[in-house]
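As a plain string of letters, each chain reads:
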Amino acid sequence: MSSLQGNLIRWLMRVRPRVKLSIQKSRQLLDRATKWMPAPKQNTYQQEIIHDIPVLWVTPPNHNQQVILYFHGGAYIVGAIHSERVIAGNIALESGARVFIVGYRLAPEHPFPAGLDDALTCYRHLISIGIAPQQIIICGMSAGGGLATALMLKLKMLGESLPCAGILLSPWLDLTGTSPSTTTNAKRDSGLSWRMLAPAVEAYAGDNDVRNPLISPVFADLSGDFPPLLIQVGDIEILVDDSRQFAKNAQDAGHDVKLSIWSGMIHSWHMYGMVPEARQAIHEISNFIRQYQT
């Protein structure tokens, strides 16, 4: 059963005005809404440009050797390195790991595989500066969770070293829109709707088959090596069956997966810091990360 604060957020999201905005306007609004949100002051935040890709290092005090390669959400069409700085900052502060947030290129200006190419470039960059794969955890929220999964699949296809683990937060893993919960939870998930996502599918996938596993990882062949995973998703999300199916596929292939389904939580509830379940989710994430400290 969700908290009173969780119920309130769900209600507020349901009654908020629904105005159709252009992609550019959506980006501007998200930028204004998130750029100055107070992230944990104990951390340091350093912005860099890596191979023309904007990135943000989030470094907690007395950090360890782990690095979390983090991809923000936004349906592949909105979002930036500061969009989830607060979430990343809290993960860094509680786990002791540094977080490396990637401002990957967005559609429709840069459709698939541009974002995945940027993700691969940044993973290789971390290794090039002396961070071992065993010290890297790949993490992503929503579309960023899909991108994080696609990166692990790409590394597997290329025969390159895999990270020590992956963390997927409300991940978007099936861009076909055919997961049962897309319909069954349509009236329950006030944080997201397929009507909001459908234009992003066209913008991101372009002329590519949306069943391509690097676009919709739920269709991937997971035989062979793959990192252990933590997947967090709300039980009323329209994307919950994406997570259920991918977790089942990974478990059937013999991989270690913790599927953590949160009662009454809408899509990306981690964003709402006043909700106890958001803090509890960060705690679960941090405990998972600490399992892989070397």
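Structure first, text after, so check above.
As a starting point, this report considers the structure included with it.

Cut-offs and rules
Residues numbered from 1 in each chain as written. Predicted model: local features only at pLDDT ≥ 70, side-chain atom pairs only at ≥ 80, totals over all residues. Heavy atoms only, no water. Helix = DSSP H or I, 4+ residues; strand = E, 2+ residues; numbered from the N terminus. Rg over C-alpha atoms; globule rule 2.2 N^0.38 Å. Buried < 20%, exposed > 50% of the residue type's maximum accessible area, 1.4 Å probe, protein only. Contact = heavy atoms within 4.5 Å. Areas by Shrake-Rupley, 256 points an atom, 1.4 Å probe, with all protein chains shown as cover. Lys, Arg positive; Asp, Glu negative; His and termini not counted. Charge placed at Lys NZ, Arg CZ, Asp CG, Glu CD. Salt bridge = Lys/Arg side-chain N within 4 Å of Asp/Glu carboxyl O. Pairing = 2+ DSSP bridges. Axes fitted to C-alpha atoms, helices over the stretch in contact; angles between N-to-C directions. Parallel < 35°, antiparallel > 145°, perpendicular 65-115°, else oblique. Left-handed = near helix turned anticlockwise from the far one by under 90°. Nonpolar A, V, L, I, M, F, W, Y, C, P; charged D, E, K, R; others polar.

Attention now goes to the overall build of the protein. On a plain count of helices and strands, the protein comes out with nine helices and eight strands. Relative to the compact-globule value of 19 Å for 294 residues, the protein shows a C-alpha radius of gyration of 17 Å, a close match. If one aligns the C-alpha atoms of the protein with their principal axes, the spans along those axes are about 50 × 40 × 35 Å. In the protein, which comprises 294 residues, the proportion classed as buried is 57%. A separation of at least 24 residues holds for 80% of the contacts in the protein among residues at least 6 apart in sequence. Accessible surface, the protein as shown: approximately 12,600 Å² in total, 54% of it carbon and sulfur. Of the side-chain charges in the protein, 25 are positive and 24 negative, and the distance between the mean point of each set is 8 Å.

Next up on the list: the pattern of salt bridges. Evaluation of the coordinates by the stated rule reveals six salt bridges. Across the salt bridge formed by arginine 124 and glutamate 160, the nearest N and O atoms sit 2.4 Å from each other. Of this pair, arginine 124 sits in helix H4 (residues 114-128) while glutamate 160 is found in the loop between helix H5 (143-158) and strand E6 (165-169), placing the two residues 36 residues apart along the sequence. On the basis of relative accessible area, arginine 124 is assigned to the partly exposed category, the value being 40%. What makes glutamate 160 partly exposed here is its relative accessible area of 27%. Across the salt bridge formed by glutamate 284 and lysine 258, the nearest N and O atoms sit 3.0 Å from each other. Placement of the pair is glutamate 284 in helix H9 (residues 276-290) and lysine 258 in strand E8 (residues 257-262), with a sequence separation of 26 residues.

We now examine the environment of methionine 265. Relative to the helices and strands, methionine 265 is located in the loop between E8 and H9. For the pair methionine 265 and glycine 234, spaced 31 residues apart in the sequence, the C-alpha separation amounts to 4.4 Å.

Time to look at the sheet that holds strand E4 (residues 98-102). Taken in spatial order, the eight strands of this open sheet run E1-E2-E4-E3-E5-E6-E7-E8, and their pairing is mixed. At either end of the open sheet lies a strand with only one pairing partner, and these are strand E1 (44-50) and E8. Strand-to-strand, the axes of this sheet are offset by a mean angle of 20°, without reference to chain direction. Sheet analysis places E6 next to strand E7 (residues 229-234), joined by four bridges and oriented parallel. By the bridge assignment for E7, glycine 166 is matched with leucine 229. Strand contacts of H4: E1, strand E2 (53-59), strand E3 (67-71), E4 and strand E5 (136-141), with the helix running at about 165° to E3, the strand carrying the most contacts. Of the strands in this sheet, E3, E5, E6, E7 and E8 are in contact with H9, which crosses E7 at around 170°.

Here the focus is unusual backbone geometry. In this structure, proline 108 follows alanine 107 across a cis peptide bond, with omega equal to 5°. Along the chain, the position of proline 108 falls in the loop between E4 and H4. Between phenylalanine 112 and the following residue, proline 113, the backbone shows a cis peptide bond with an omega angle of 10°. Following the sequence through the fold, proline 113 ends up in the loop between E4 and H4. Phi at alanine 75 takes a positive value of approximately 60°, unusual for a residue other than glycine. Along the chain, the position of alanine 75 falls in the loop between E3 and helix H3 (85-95).

Helix-helix packing is characterised by the crossing angle of the two axes and by the distance between the axes. Relative to each other, H3 and H9 sit at 50°, their axes nearing to 9 Å. Between H3 and H9, the crossing angle belongs to the class labelled oblique. When you trace H3 past H9, the crossing you get is right-handed. Residues Ile87, Asn90, Ile91, Glu94 and Ser95 of H3 touch H9, and the partners they reach there are Ile282, His283, Ile285, Ser286, Ile289 and Arg290. When its residues are assigned to classes, the contact of H3 with H9 shows five nonpolar, four polar and two charged.

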